[in-house]
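The residues making up each chain are set out below.
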Amino acid sequence: MEKTAIQIIKKFQKAGFAAYFAGGSVRDMLMGKEPEDFDIATSAKPDEIEKLIPKTIPIGKEFGVILGIVNGHHFEVATFRSDSSYSDGRRPDAVIFTSAKEDAVRRDFTINGLFYDPITKKVLDFVDGQKDIKNKVIRFIGEAHERIKEDHLRLIRGIRFKNNFSFEYGPNTEKAIKELAHLVDDVSSERVQDELTKMLLHNHRSHSMKELDEFGIMERILPELTACKGVKQPKQYHQEGDVFTHTLKALHDMPEEFVNKELVWATLLHDIGKPDTFVEKSDRIHFDGHAQLSAKMARKICSRLKFSRVETNKITWLIEHHMSIGFIPEMRRAHQVDHFIHPWFLDLMHLHYSDEHGSHPPDLSLYKKVMKLYDTYQNEPLLEDHFKPKLTGNDLQKEFGLKPGPKIKEVLEELRIAQIEGVVSDVDEAKKFVEGYLS
């Protein structure tokens, strides 16, 4: 991708235009990180960009942004611009195509306002972005309140950058975010979800969630989670504190090898039903049915934040079943296998692992017991034989005179269980089993 991006820069410069890497890719290179993509800023106008790159998509042509597709890679190529007012809190009402310096000062944070010429290997820095990277500071370009009012999503982005990079807030940055937190109400659900997901996929996820709460943003975007603050838990299992503290600790202690989008969201939301199921009895505090209620509430949140149907189903399934793991060791082998073959079983175990780590003291005995059973299942020879039926519905009708209906389904299920548990291994044993079962 980088080689292709350099080829594009060379082509634009050869045609007489200024062209540089811009924004996040420059920041990442200066911080010693591998850029995920390469945005390009240029003096070429949108029509000229389309002439120089044969395959393009005009994703924001009115704002000077063209998506170029070269060698199978996608690049946002944008004309240097300055912006007018932002009446909708997201997009400029009008743009003026201008210079690299004017383009830099209209961007959000100093660390994102840098350009890099890969041909001359020079950094163009009009906003002291290099200095802020060196000093590990997140600072808005220009007046902080104005930058936030231009695009309200910058409230969340500032918190994400600060925590993901382990930086500190610059002068007025933290103050502006706190004072303008209410503007997050106007940000589209899709953009909120995207930013929160980027936070949750980073190993500083719990720090970001904590600051969203401290800045008054969490209660506006996920009030179901802030409702968990102050909700007591049984001390014999949860010495770490209330439900909100438990959730942050579960996120904090999640091993990075477990992390995926649906799992981190399920971990974030797995106990949001506890406030409404809280009952303090003589023996201890109870949250009966909280997993089912949490899943129901999570489905509404997923709808509100525009998750896909597939993502929603997985998130809510993990939440709904996160308390069922305790029953697995006592199940019949066939029912254990039904759990083990589920495509989301390992994610469910990873949620359980993080849930236990979110408690103090953590108790991983159940996790180890179930995983030992799972490992045994994984190592069973001829596993596919368990799922190949020895008899079919037609066989039952011919051999035993059963009529089509629920009885056949019942017998086939019992036969399947018998096969998995090793009671039946061939057709003759299957017939004897069915005969005994029917009698």
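Residues numbered from 1 in each chain as written. Predicted model: local features only at pLDDT ≥ 70, side-chain atom pairs only at ≥ 80, totals over all residues. Heavy atoms only, no water.

Peer 1: Help me out: how do you make sense of the pattern of salt bridges in this one?
Peer 2: Between side chains of opposite charge, a pair can form as their charged atoms come close. A complete count under the given rule lists 29 salt bridges for this structure. Residue Arg 154 pairs with Glu 150 through a salt bridge whose shortest N-O separation is 3.0 Å. Note on accessibility: Arg 154 and Glu 150 belong to one class, buried. One salt-bridge network, in which partners are shared between bridges, spans Asp 108, Arg 157, Arg 160 and Glu 195. (Salt bridge = Lys/Arg side-chain N within 4 Å of Asp/Glu carboxyl O. Buried < 20%, exposed > 50% of the residue type's maximum accessible area, 1.4 Å probe, protein only.)

Peer 1: What is the right way to look at the packing of helix α18 (residues 333-340) against helix α22 (residues 406-420) in this model?
Peer 2: In contact at an axis separation of 8 Å, α18 and α22 are set at 90° when each is read in the N-to-C sense. Taken together, the axis directions place α18 and α22 in an arrangement best described as roughly perpendicular. On α22, the residues touching Arg 333, Ala 334, His 335, Val 337 and Asp 338 of α18 are Arg 416, Ile 417 and Ile 420. Looking at the contact of α18 with α22, its residues break down into 4 nonpolar, 1 polar and 3 charged. (Axes fitted to C-alpha atoms, helices over the stretch in contact; angles between N-to-C directions. Helix = DSSP H or I, 4+ residues; strand = E, 2+ residues; numbered from the N terminus. Parallel < 35°, antiparallel > 145°, perpendicular 65-115°, else oblique. Contact = heavy atoms within 4.5 Å. Nonpolar A, V, L, I, M, F, W, Y, C, P; charged D, E, K, R; others polar.)

Peer 1: Help me understand the packing of aromatic side chains in this model?
Peer 2: Aromatic rings in a pair are described by how distant their centres are and how their planes are angled relative to each other. Enumeration over the complete set of coordinates arrives at 21 aromatic pairs. Considering the side-chain rings of Phe 340 and Phe 345, the 5.2 Å spacing of their centres and the 70° angle between planes classify their relative orientation as edge-to-face. Under the relative-accessibility criterion, Phe 340 is labelled buried at 4%. Among the aromatic residues, those joined into a cluster by ring pairs are Phe 109, Phe 140, Phe 161, Phe 165 and Phe 167. The ring of Phe 161 carries the charged tip of Arg 160 above its face, separated from the ring centre by 4.7 Å. (Phe/Tyr/Trp six-rings, centres within 6.5 Å; stacked < 30°, edge-to-face > 60°. Lys NZ or Arg CZ within 6 Å of the ring centre and 35° of its normal.)

Peer 1: It is not clear to me how the pairing of strand β5 (residues 73-79) should be interpreted in this structure. Could you clarify?
Peer 2: A regular strand places its side chains so that they alternate between the two faces of the sheet. Of the pairings in the sheet, the one linking strand β2 (residues 39-42) to β5 comprises 3 bridges and is parallel in character. Counted as the bridge partner of Ile 40 is Val 77 from β5. Note: strand β4 (residues 65-70) against β5, 6 bridges, orientation antiparallel. By the bridge assignment for β5, Leu 67 is matched with Glu 76. Here β4 hands over to β5 after 2 residues, with Asn 71 in that stretch at a positive phi of 55°. (Pairing = 2+ DSSP bridges.)

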